[in-house]
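Chain by chain, the residues run as shown.
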Amino acid sequence: MCQHQPQCPSADSADREAARLVAYHPEQGWSLLCNGVLLFEDTGELLPDGQIIAPHRPLDAGNIATAA
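Residues numbered from 1 in each chain as written. Predicted model: local features only at pLDDT ≥ 70, side-chain atom pairs only at ≥ 80, totals over all residues. Heavy atoms only, no water.

Draft legend 1. Quick look at the sheet that holds strand β4 (residues 45–46). Strands sit in the order β1-β2-β3-β4-β5 across an open sheet of 5 strands; the sheet is antiparallel. Edge positions in the sheet fall to β1 (21–25) and β5 (52–53), since each has one partner strand and no second. As defined by bridge partners, strand β2 (residues 30–33) adjoins strand β3 (residues 38–40) across 3 bridges and the pair is classed as antiparallel. Looking across to β3, one finds that Leu32 is bridged to Leu38. (Pairing = 2+ DSSP bridges. Helix = DSSP H or I, 4+ residues; strand = E, 2+ residues; numbered from the N terminus.)

Draft legend 2. Spatial organisation of the side chain of Ser31. With respect to the helices and strands, the residue Ser31 is situated in strand β2. For Ser31, the contacting residues outside a window of four places in its chain are Leu21, Ala23, Tyr24, Val37, Leu38 and Leu39. (Contact = heavy atoms within 4.5 Å.)

Draft legend 3. Structural detail: the pairing of β2. On β2, burial follows the alternation: Ser31 and Leu33 on one face are buried, whereas Trp30 and Leu32 on the facing-out side are not. Sheet topology places β1 next to β2; 4 bridges connect them, and they run antiparallel. Opposite Tyr24, over in β2, you have Ser31 as the bridge partner. Between the antiparallel neighbours β2 and β3 lie 4 residues, among them Gly36 with a positive phi of about 90°. (Buried < 20%, exposed > 50% of the residue type's maximum accessible area, 1.4 Å probe, protein only.)

This is the structure:
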């Protein structure tokens, strides 16, 4: 699928999110990568084989606000 040189990471590799953007739709919350991965703004992913990768946002305790 990828025609880039060097070739983008495959959809089943650990660094699949490093592939180049093919389509970017921030108003809809998703991007399509060169390797066929749909990347969602919540960090979830849909792989070309239908496998779902749950959102994996980092949990940074320093950015959590608490009500007084």
